[in-house]
Each structure stands twice: as structure tokens, then as C-alpha cells.
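What follows is each chain in one-letter form.
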Amino acid sequence: MDNDTTQAKGAHEKLLQSFSQQPGSILLGTQMIAKGLDFDQVTLVGVINADTSLNLPDFRSAERTFQLLTQVAGRTGRGNKQGEVVIQTYNPDHYVIQLAQHHDYEGFFFYEMQRRHLGQYPPYFYTTLVKVASKDRAQAQLTVYQVKADLQKRCQVSPDHLILLGPSNDGIERMNDYYHFQLLLKYKNPAQVQSALSEVLAKSQEVQRRGILIQIDHEPQYFI
């Protein structure tokens with residue numbers, strides 16, 4: 001079960017019905033089967049390459065991996081029969097794998113909050129992602145550096161309360177003939193940077209005529 005096999009109308013329900021009515025059947029799928037399914041006869045769940053999402057350049061990667069592993073583990077042993085979970089991983093000693101193995105939600109929360117605090121990420125800091133895109137790579141790169149310089153000039157905030165990371169390439173540097181660059185802001189007080197971000201937004205209207213796109217994303221859910 002994946003996006004390709006469930007495109008047709010009713011395909012999702014048809015696959016699940018077929019799975020539930022055939023003893024000994026195996027359902028192979030992507031993350032879309034990790035939660036929401038309730039089958040009493042399921043006694044084994046396997047996760048292949050559990051490390052994949054851990055390696056994403058996103059501070060929420062550990063949280064999402066822990067959530068996914070604990071959710072998919074909950075698909076087995078829901079009836080009278082005992083369930084078993086097998087996780088394939090290259091990092092069995094990773095704290096996410098260890099804590100997910102024991103369903104230790106509280107342990108994960110306290111460990112993860114320490115990491116977020118040290119890394120100066122939410123909920124201890126606010127985040128804003130500024131993205132710049134253009135079909136001209138040099139123009140996109142020049143603009144994103146100009147945006148950073150403008151923010152540094154207009155935001156009269158101490159380095160402890162405003163952190164500028166980048167500019168850097170987007171997760172996919174070129175997409176649909178556009179080159180993408182991004183700049184990440186981490187700050188304590190939104191009021192101290194709002195004026196500067198408004199100036200960036202006003203500038204985006206001007207440069208758009210030259211084919212340069214500027215996007216501001218407050219509290220982004222994904223960084224790639």
C-alpha cells in the first residue's frame with residue numbers, strides 16, 4: 001500500500017479488506033500504514049531502514065522517527081494474540097531506537113527537550129525560514145545574502161537572542177528551473193524581528209518583477 005497503489009477510487013478500502021479477509025496475508029506499505037489500522041490477527045510488524053528519517057536535516061527528525069516507530073508498533077498484538085515488532089536499523093544504540101523499543105514516551109520527551117534547549121530550537125526559540133528562489137542562480141544567491149545583511153542591520157538584537165543560520169542551499173537546490181536558497185532565523189522575542197521581516201516582505205514585492213521569489217515561513221514544519 002502506497003500512493004501509487006491507492007490512486008484509484010476505493011483502492012484503499014479494497015486493499016485493507018483483502019488483507020483482513022486472508023489469513024496469513026502480509027501488508028507491505030509506506031508510512032501510510034503506520035497508524036489508524038486495527039486488525040486483531042496481526043501478530044508481527046517489521047520496519048525496514050528505520051534510520052532513514054533520522055538522517056534528515058531537520059531538528060524534528062528524532063521526534064518524527066520516534067512517533068512513527070511507536071505508532072507502527074501499536075498495529076500488532078491488538079487482539080488476544082501476542083504481538084512482535086522487528087526493527088531493522090544501522091544504529092541500534094541510538095536513543096530514539098532504544099526509547100521506542102521500550103515505548104518510553106516520558107524518557108524521550110525529557111531527552112529531546114534537553115537537545116532542543118542546547119540547539120536553541122523550539123519551544124525555547126522561535127524559528128522563521130526565509131526562502132529565495134530564481135531561475136538565475138547568481139541572482140538568487142545575491143538576494144539571499146542581501147536579505148541576511150538587511151536583517152542583521154535592522155534587527156538590533158543581541159547574538160544570544162537572534163541567530164542567523166545560512167544562507168544555504170535548499171534540500172533540492174534546483175527545482176522546476178528555479179534555484180533555491182534559504183536562511184534560518186532563531187530568536188527569543190518575535191516583536192524584535194517583526195519589523196525587519198516586514199521590510200523583507202515589502203522587498204519581495206519589488207524583486208518579484210525581476211523573477212526573484214522571496215518566501216517567509218514562520219515556525220516551518222519542514223526545513224528541506
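It should be noted that the structure appears before, not after, this text.
Here is what the cut-offs are and how they apply
- Residues numbered from 1 in each chain as written.
- Predicted model: local features only at pLDDT ≥ 70, side-chain atom pairs only at ≥ 80, totals over all residues.
- Heavy atoms only, no water.
- Helix = DSSP H or I, 4+ residues; strand = E, 2+ residues; numbered from the N terminus.
- Rg over C-alpha atoms; globule rule 2.2 N^0.38 Å.
- Buried < 20%, exposed > 50% of the residue type's maximum accessible area, 1.4 Å probe, protein only.
- Contact = heavy atoms within 4.5 Å.
- Expected span 1.5 Å × (residues − 1).
- Arc of directions from axis to C-beta.
- Core = buried A, V, L, I, M, F, W, Y, C linked by side-chain atoms within 4.5 Å.

## Let's talk about the overall build of the protein
Then step 1. In terms of regular secondary structure, the protein is built from six helices and six strands.
Then step 2. What you see in the protein, going N to C, is helices and strands ordered as α-β-α-β-α-α-β-α-β-β-α-β.
Then step 3. Taken over the C-alpha trace, the protein has a radius of gyration of 22 Å; the compact-globule value for 224 residues is 17 Å, which it surpasses by more than 25%.
Then step 4. Its C-alpha atoms give the protein principal-axis dimensions of about 65 × 40 × 30 Å.
Then step 5. The proportion of buried residues among the 224 residues of the protein is 36%.
Then step 6. Across the protein, the fraction of contacts at a sequence separation of at least 24, relative to all contacts at a separation of at least 6, is 70%.

## Topic: helix α2 (residues 61-73)
Then step 1. Between its first and last C-alpha atoms α2 spans 18 Å; for 13 residues at 1.5 Å apiece the expected length is 18 Å, and the two agree.
Then step 2. Among all positions in α2, only S61, A62, T65, F66, L69, T70, V72 and A73 are buried. End-on view of α2: buried residues confined to an arc of 170°, all on one side of the axis.
Then step 3. Each element contacted by the buried residues of α2 is listed here: β1 (44-47), β2 (84-87), α3 (95-101) and α4 (105-119).

## As for the nonpolar core
Then step 1. Counting 22 residues, the largest nonpolar core has F39, F66, L69, Y95, V96 and F108 as its most contacted members.
Then step 2. Where this core is concerned, the elements lending two or more residues are α1 (11-21), β1, α2 and α3.
Then step 3. Among the elements that make up this core, the one with the highest residue count is α3 (five residues).
Then step 4. Leave out the neighbours within four places in its chain, and L69 touches V47, A50, I87, I97 and A100.
Then step 5. Among the nonpolar cores identified, the runner-up in size contains 21 residues, and V132, V147, L151 and V193 belong to it.

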